[in-house]
Amino acid sequence: MARPPFFVPSMFTRQNVNSRIRNLSIAGTSRGVEGEVAAHNPDQSSSANHQSEQQSFVEIAKDVCKVIRTRPRWEQILLSDFSTVNFTDPKFYNEVLKAQKNALLSLRFYYWLSSQNGFSRDQFSDEVIFSGLVQAKAGSAAKRFRQNMNFVPQPSCLEAYIQCLCENGLIEDALNVFTELRGVAHCPSLKIWNSALSEYIRAGRNDIVWKLYEDMTESGVVADVDTIGHLIQAFCMENNVPKGHQLLRQVLEDGHAPSSVAFNKLIYESCKNRDYFRLSALLHSMVATNCSVDIFTYHHVIQGLCETRKGREAFRIFNDLKNRGYAPDMVMYTTMINGLCKMKLLGDAQKLWFEMIQKGFKPNEYTYNTLIHGYLTTNHLSEAESLYKQMCDKGYGENTVTYNTMIYGLSLWKSRRSSQLVQ
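The model shown is predicted, which means the values in this text are computed figures rather than measured ones. (Residues numbered from 1 in each chain as written. Predicted model: local features only at pLDDT ≥ 70, side-chain atom pairs only at ≥ 80, totals over all residues. Heavy atoms only, no water.)

K.L.:
What exactly am I supposed to notice about the overall build of the chain here?
P.N.:
In terms of regular secondary structure, the chain is built from 22 helices and 2 strands. Across the 423 residues of the chain, 45% fall into the buried class. Counting every atom, the chain has about 21,900 Å² of accessible surface; 50% of that belongs to carbon and sulfur. (Helix = DSSP H or I, 4+ residues; strand = E, 2+ residues; numbered from the N terminus. Buried < 20%, exposed > 50% of the residue type's maximum accessible area, 1.4 Å probe, protein only. Areas by Shrake-Rupley, 256 points an atom, 1.4 Å probe, with all protein chains shown as cover.)

Written out as structure tokens, the structure reads:
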């Protein structure tokens, strides 16, 4: 599919409940609206009476919520425990929904309520249930609620629903909601588009990324630097790294810089493709644009350079990392020591070894083998044997990797020694 054009921006207890209910009844007479909870006190004024009714109304709703939270089969006892309460009165059940802090319990109560005679749904209650599920990130439950209740939320609520679906991995359903919003001529905010693009990239669905981006541009939404960062990642996922670099240059020339995620993706792909010229340029661009360069970014770069025998450049970056206040971890120290050994820079490798120990890191089996191999390949047999003994004293050494390292190194040393004697 042809790629759309790029738009770089300018940028309780049960006893307590029953005792409280005995003195209450539901006003179904001329004294009030049917279904209201009222406290009988004819001596009070109308205003005071209303206030008392409302207070009792709220208190009973709280009691109902407590029963729902603490009784596993509350559906079987709710009507008998609150025999004077008209649960189908919207004023009452909305008070229950307001008092209930658990979205899934609210949904369960609403489904139970729907099975009661005389119950009539209203848009407000549906919105309360649906919004609560979305806020709780209960995407599957929100989806089932819409289907079971044939509920159509307001467009603004659907925007949050899209994010909820994406975060729950329901990306096809989220795409359908975008289509639904277009059908009612509602364009989501750029934040929603970007959030969805990010989730589709995380799910590895490039097909949806490009479809969504096309819909976004057709809706007249102008991309921002975050959008560009998502597109760079999409190009990398398609192994179209040059296109990703091109898009990066374009956004940098306009004075913007994408997130470190986009940079890191390009760095990772450049390492994988052994394109270390671009890799170094990417790292410099990150530093120049004050983009956060984390320890993992540095590790990718150093490992890649060491694997292609560009150890001096890797060592320069390693030292630069420390100068910038980062603390290399055990893996990075080992990687760098290995790279230096491959270049036969044993002096620098030994310095890093002692620096690592001074920093509190205890060499592991792999780290020992790395330096032992370096000693053996550079004819430092006594140093290799001494380090091997130290490794065994630490509890390492009796495994295939170590034996293979020693056998290979000793064989190499013997071969070289024989050649020297012949000469």
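K.L.:
Can you help me understand helix 21 (residues 381-393) in this one?
P.N.:
Helical geometry note: an α-helix holds 3.6 residues per turn, so side chains three or four residues apart project in the same direction. Under the 1.5 Å per step criterion, the end-to-end length of helix 21 is 18 Å for 13 residues, consistent within 8% with the ideal 18 Å. Two residues or fewer after helix 21 comes G395, characterised by a positive phi angle close to 100°. (Expected span 1.5 Å × (residues − 1).)

K.L.:
Which parts of the structure should I look at to understand the nonpolar core?
P.N.:
General note: in soluble globular proteins, nonpolar side chains tend to be found buried as a group. Core analysis: the largest hydrophobic core is formed by 119 residues, its most contacted members being F87, F109 and Y200. Apart from residues no more than four positions distant in its own chain, Y200 is found in contact with C166, I171, A174, L175, R205, I208, V209 and L212. (Core = buried A, V, L, I, M, F, W, Y, C linked by side-chain atoms within 4.5 Å. Contact = heavy atoms within 4.5 Å.)

K.L.:
Teacher, can you tell me more about the packing of aromatic side chains here?
P.N.:
Centre-to-centre distance and the angle between the planes together describe a pair of aromatic rings. Counted under the stated rule, the structure contains 20 aromatic pairs. A ring pair is formed by W74 and F109, whose centres lie 6.4 Å apart and whose planes are at 40°; its orientation type is tilted. Of this pair, W74 sits in the loop between helix 2 (46-70) and helix 3 (78-81) while F109 is found in helix 5 (residues 103-114), placing the two residues 35 residues apart along the sequence. For the pair formed by W74 and F109, the shared burial category is buried. Between Y333 and F361 the ring centres are 5.9 Å apart and the planes differ by 55°, which places this aromatic pair in the tilted class. You can see Y333 sitting in helix 18 (residues 330-342) and its partner F361 sitting in the loop between helix 19 (346-358) and helix 20 (365-376), a full 28 residues away along the chain. (Phe/Tyr/Trp six-rings, centres within 6.5 Å; stacked < 30°, edge-to-face > 60°.)

K.L.:
What should I look at first to understand the pattern of salt bridges in this one?
P.N.:
Between side chains of opposite charge, a pair can form when the charged atoms approach closely. Under the definition given, this model contains 16 salt bridges. In this structure, K143 engages D173 in a salt bridge whose closest nitrogen and oxygen atoms are separated by 3.2 Å. Separated by 30 residues along the polypeptide, K143 in helix 7 (residues 139-149) and D173 in helix 9 (residues 171-183) bring together distant segments of the chain. Here D215 makes a salt bridge to R182, at a shortest N to O gap of 3.2 Å. One end of the pair, D215, is in helix 11 (residues 206-218); the other, R182, is in helix 9, and 33 residues separate them in sequence. According to the relative accessible area criterion, D215 is buried, its value standing at 7%. Here the salt bridges do not stand alone but share partners, grouping R182, K211, D215 and E218 into one network. (Salt bridge = Lys/Arg side-chain N within 4 Å of Asp/Glu carboxyl O.)

K.L.:
It is not clear to me how the packing of helix 14 (residues 260-272) against helix 16 (residues 295-307) should be interpreted in this structure. Could you clarify?
P.N.:
Two numbers describe a pair of packed helices, the interaxial angle and the distance between the axes. Helix 16 packs onto helix 14 with a crossing angle of 15° between their chain directions and a minimal axis gap of 10 Å. With respect to each other, helix 14 and helix 16 are oriented roughly parallel. Two packed elements cross with a definite hand, and for helix 14 against helix 16 that hand is left-handed. Here N264, I267, Y268 and C271 of helix 14 come into contact with helix 16, specifically with T297, H300, V301 and G304. For the contact of helix 14 with helix 16, a count of residues per class yields 4 nonpolar, 4 polar and no charged. (Axes fitted to C-alpha atoms, helices over the stretch in contact; angles between N-to-C directions. Parallel < 35°, antiparallel > 145°, perpendicular 65-115°, else oblique. Left-handed = near helix turned anticlockwise from the far one by under 90°. Nonpolar A, V, L, I, M, F, W, Y, C, P; charged D, E, K, R; others polar.)

K.L.:
Quick question: what am I supposed to make of the environment of S411 here?
P.N.:
With respect to the element layout, S411 can be found in helix 22 (residues 400-422). Residues S411 and L376 lie 35 residues apart in sequence; the distance between their C-alpha atoms is 9.3 Å.

K.L.:
What's the story with the confidence of the model for the chain in this structure? I'm lost.
P.N.:
Low pLDDT marks regions whose predicted coordinates should not be analysed in detail. Summarising the model, the chain shows a mean pLDDT of 80, and 81% of its residues fall at 70 or more. Strand 1 (residues 24-27) is the least confidently modelled element of the chain, averaging 32 in pLDDT, while helix 5 averages 95, the highest of any element. Below pLDDT 50 for its whole length, residues 1-45 participates in 96 contacts with residues either more than four positions away or in separate chains. (pLDDT = per-residue confidence, 0-100.)

K.L.:
Can you help me understand helix 8 (residues 155-167) in this one?
P.N.:
The end-to-end C-alpha separation of helix 8 is 19 Å, in line with the 18 Å expected for 13 residues at 1.5 Å each. Close packing links the buried residues of helix 8 with helix 6 (123-135), helix 7, helix 9 and helix 10 (190-202). Directly after helix 8, the chain includes G169, whose backbone phi takes a positive value near 80°.

K.L.:
Explain the environment of Q123 here, please?
P.N.:
Positionally, Q123 belongs in helix 6. Spatially, the C-alpha atoms of Q123 and F151 are 8.6 Å apart, while their sequence positions differ by 28 residues. When neighbours within four sequence positions are excluded, Q123 is seen to be in contact with F151, V152 and Q154.

K.L.:
Would you take a moment to explain the packing of helix 17 (residues 311-323) against helix 18 for this structure?
P.N.:
Where helix 17 contacts helix 18, the two axes come as close as 9 Å, and the packing angle between them is 150°. Between helix 17 and helix 18, the crossing angle belongs to the class labelled roughly antiparallel. In this structure, helix 17 crosses over helix 18, and the sense of that crossing is left-handed. Across the interface between the two elements, G311, A314, F315, F318, L321 and K322 of helix 17 pack against M332, Y333, M336 and L340 of helix 18. Class assignment for the residues of the contact of helix 17 with helix 18 results in 8 nonpolar, 1 polar and 1 charged.

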